[in-house]
Amino acid sequence: MNKREFLKASGSAMAGALLSRMGFGQTQKEAAARANRTNWAGNYTYKAARLDEPGSAQEVQRLVTSLSNAKALGARHSFNDIADSSGDQISLKNMTEMTLDKAGRTVTVAAGVTYGKLAPWLDAQGFAVHNLASLPHVSVVGACATATHGSGIHNGNLSTAVRAIEFVDGSGQLKTLSRATNTDEFNGAVVALGALGVIIRITLAVVPTFQISQIVYENLSFDQLEHNLDAIFGSGYSVSLFTDWQHHRATQVWLKQSITGSTTPALPPLFYGATLQKTKLHPLAGHSPENCTEQLGVPGPWYERLPHFRMNFTPSSGAELQSEYFVPRAQAYKAILAVEQLRDKITPHLFITELRTIAADDLWLSTAYKRDSVAIHFTWKPEEKAVRSVLPLIEEKLAPFDARPHWAKVFTMSHQRLSQLYPRLNDFRALAAQYDPNRKFLNAYLQNVFGA
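Visitor: Sorry if this is basic, but what is going on with the overall build of the protein chain here?
Guide: The secondary structure content of the protein chain amounts to 14 helices and 20 strands. Taken against the 2.2 N^0.38 rule, which gives 22 Å for 452 residues, the C-alpha radius of gyration of the protein chain at 22 Å falls within 12% of a compact globule. Taken along the three principal axes of its C-alpha coordinates, the protein chain extends 70 × 50 × 45 Å. Of all 452 residues assigned to the protein chain, the portion counted as buried reaches 57%. Carbon and sulfur atoms form 50% of the exposed surface of the protein chain, whose accessible area is close to 17600 Å². Between the centroid of the 44 positive side chains of the protein chain and the centroid of its 38 negative side chains there is a distance of 4 Å.

Here's what the structure looks like:
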């Protein structure tokens, strides 16, 4: 039964409600929506024929049951075709419920919730999540499903906070997996790239709210990383180094430190030879620092300091591409030097590179699976042809370090290489087949990942 027959059989009242909410049957509207449906950065235009916007788990179930091909769409912050489909895209932006369990120290959020919406609500009730990405605009579900991360030697990526997921599988059934009751299978299902189904709700562990101060230093020599890499990245709750790969140095160090009580953060004039900022800075030269979170050591809530960019402002550059590779922290200095050899090929097409740390975890498809990692992140100018010509060179330089690519960003690695980098990729493929036996959620992106 196709989708229109299914809706007709469901009764005219139900069909009318679904048509109104999801936008079915409106050819001109669909055409206009498709023409303007790009990802956040504008580098990718979705090819899915329709965009559906259900408002409840039951609507998602009915919708999935009626479709032959589908894919969940988050906040559109992926830089590749991970969220595209040969059939329908299912956006859950209308599902925004949040429930806090203070006694159990967890929060359950619907799939349309972004960290920008969750964080201030959670903070007002005295709680926080352990870390945030560099921008708060991403959806909680989408960020966790792709192993998106913040920074900090002792901080796992955002998906390590997940305690349970509720999703609609390929048969339209509502499934729940939790860390407490399905440990190994759960570890395979958290970073799932949309392969198991459409996540409806996700439950995260929370911690008591806390304060952070942010200080920026300029011009840190890469020589300091040879013997002090762990000390530098361990100097704060979250630490980021930015570089343009020229002059053998990090142009900026963003040091985010936790504040206890009324303690005033120290502002040493030097940090491993780098000099203390005098004014507020943006990581990209020539961009207004107004877009960035507060600096100069001024304490503030965790959610207003851990991201680099403020919720109501354009993050990063806006029109850009992004790539990111994760190497073992123990080999990070050598990996950085290897990439630096390509500096004159990289810099002309680069806005900035960011270096961050992520603690090891047990999630099968996490980029930090079983190893403490350093992420080498590239924010590129919107020059796709040039960037795609440079990426294989970077991947070749990082091959000796078994660099894993960020799932939601631009990379060129083959299935064969991904299979070498992720020891449980075949187990994950079997898990996807278990929950989606008819391959309803398989798209071109997953075909590359799975090699089929």
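Visitor: Explain the packing of aromatic side chains to me, please; I cannot follow it from the model alone.
Guide: Pairs of aromatic rings are described using the distance from one ring centre to the other and the angle between the two planes. Summed over the entire model, instances satisfying the criterion amount to 15 aromatic pairs. Ring geometry for tryptophan 302 against tyrosine 303: centres 5.5 Å apart, planes inclined by 75 degrees, an arrangement best described as edge-to-face. Three or more aromatic residues joined by ring pairs form one cluster here, namely Phe222, Trp245, Tyr325, Phe378 and Trp380.

Visitor: When you look at the nonpolar core in this model, what are you seeing that I'm missing?
Guide: Soluble globular proteins: nonpolar side chains tend toward being buried together. Core analysis: the biggest nonpolar cluster contains 135 residues, and Tyr115, Leu118 and Leu204 have the highest contact counts within it. With residues near it in sequence (within four places) discarded, leucine 204 still touches Arg105, Thr106, Val107, Tyr115, Leu118, Val129, Val140, Cys144, Ala161, Val162 and Arg163.

Visitor: Please explain the pattern of salt bridges as it appears in this structure.
Guide: Under the counting rule described, the total for this entry stands at 13 salt bridges. Glutamate 324 is paired through a salt bridge with lysine 409; the nearest N and O atoms lie 3.4 Å apart. Of this pair, glutamate 324 sits in strand β17 (residues 321–328) while lysine 409 sits in the loop between β20 (404–405) and α12 (415–421), and the two are 85 residues apart along the sequence. Residue classification places glutamate 324 among the buried residues on the basis of a relative accessible area of 1%. We note a salt bridge from arginine 424 to aspartate 427, for which the minimum N-O separation is 2.9 Å.

Visitor: Any chance you could explain the sheet that holds strand β7 (residues 162–168) here in plain terms?
Guide: In sheet architecture, strand pairing relies on hydrogen bonds along the backbone and comes in two forms, parallel and antiparallel. Strand order in this open sheet of five strands is β4-β5-β9-β7-β8, and the pairing throughout is antiparallel. In this open sheet, the two edge strands, each paired with only one partner strand, are β4 (98–101) and β8 (174–178). On average, each strand axis in the sheet is inclined to that of its neighbour by 15 degrees, with strand direction left out of account. Judged from the four bridges that link them, β4 and strand β5 (residues 106–110) form a sheet pairing that is antiparallel.

Visitor: What should I look at first to understand the environment of threonine 367 in this one?
Guide: Its place among the elements puts threonine 367 in the loop between β18 (350–358) and β19 (373–380). Here threonine 367 falls in the buried class, since its relative accessible area comes to 2%. Other than its neighbours up to four places away in sequence, threonine 367 contacts Ala147, Phe326, Ser373, Arg404, Pro405, His406, Trp407 and Tyr422.

Visitor: Looking at this structure, how should I read the side chain of histidine 282?
Guide: Looking at the element boundaries, histidine 282 is found in the loop between β15 (274–276) and β16 (300–301). Given the relative accessible area of 5%, histidine 282 is considered buried.

Visitor: What should I look at first to understand unusual backbone geometry in this one?
Guide: Outside of glycine, negative phi angles account for most residues, and trans bonds account for most peptide bonds. Phi is positive for histidine 248, which is not a glycine, with a value near 55 degrees. Following the sequence through the fold, histidine 248 ends up in the loop between β12 (238–243) and β13 (249–259). Phi is positive for aspartate 402, which is not a glycine, with a value near 50 degrees. Within the element layout of this structure, aspartate 402 appears in the loop between α11 (384–398) and β20.

Visitor: Before we go on, may I ask you to explain the sheet that holds strand β3 (residues 88–91) in this structure?
Guide: The strand order across the open sheet built from three strands is β1-β3-β2, with neighbouring strands paired in parallel fashion. With partners counted over all chains shown, the strands left at the sheet margins are β1 (50–52) and β2 (70–73), one partner each. If you compare each strand with its neighbour and ignore which way they point, the axes differ by 30 degrees on average. Both β1 and β3 contribute to a ladder of three bridges, which runs parallel. Opposite arginine 50, over in β3, you have aspartate 88 as the bridge partner.

Visitor: Just checking my understanding: could you explain the environment of asparagine 94 for this structure?
Guide: Mapped onto the secondary structure, asparagine 94 falls in the loop between β3 and β4. Classification of asparagine 94 by relative accessible area gives partly exposed; the value is 38%. Linking asparagine 94 and proline 54, residues 40 residues apart in sequence, is a C-alpha distance of 7.0 Å. Excluding residues within four positions of it along the chain, asparagine 94 makes contact with Glu53, Pro54 and Gly55. Separated by 3.3 Å, the side chain of asparagine 94 and the backbone oxygen of glutamate 53 make a polar contact.

Visitor: Whenever I open this one, the environment of valine 253 confuses me. Can you help?
Guide: Following the sequence through the fold, valine 253 ends up in strand β13. Its relative accessible area of 0% is what places valine 253 among the buried residues. Along the sequence, valine 253 and phenylalanine 210 sit 43 residues apart, while their C-alpha atoms lie 22 Å from each other. Once you skip the residues sitting within four places of it in the chain, valine 253 turns out to touch Ile215, Val216, Tyr217, Leu220, Val239, Ser240, Leu241 and Phe271.

Parameters and conventions
- Residues numbered from 1 in each chain as written.
- Predicted model: local features only at pLDDT ≥ 70, side-chain atom pairs only at ≥ 80, totals over all residues.
- Heavy atoms only, no water.
- Helix = DSSP H or I, 4+ residues; strand = E, 2+ residues; numbered from the N terminus.
- Rg over C-alpha atoms; globule rule 2.2 N^0.38 Å.
- Buried < 20%, exposed > 50% of the residue type's maximum accessible area, 1.4 Å probe, protein only.
- Areas by Shrake-Rupley, 256 points an atom, 1.4 Å probe, with all protein chains shown as cover.
- Lys, Arg positive; Asp, Glu negative; His and termini not counted.
- Charge placed at Lys NZ, Arg CZ, Asp CG, Glu CD.
- Phe/Tyr/Trp six-rings, centres within 6.5 Å; stacked < 30°, edge-to-face > 60°.
- Core = buried A, V, L, I, M, F, W, Y, C linked by side-chain atoms within 4.5 Å.
- Contact = heavy atoms within 4.5 Å.
- Salt bridge = Lys/Arg side-chain N within 4 Å of Asp/Glu carboxyl O.
- Pairing = 2+ DSSP bridges.
- Axes fitted to C-alpha atoms, helices over the stretch in contact; angles between N-to-C directions.
- Polar contact = N/O pair within 3.5 Å; in protein donor to acceptor, adjacent residues only side chain to side chain.

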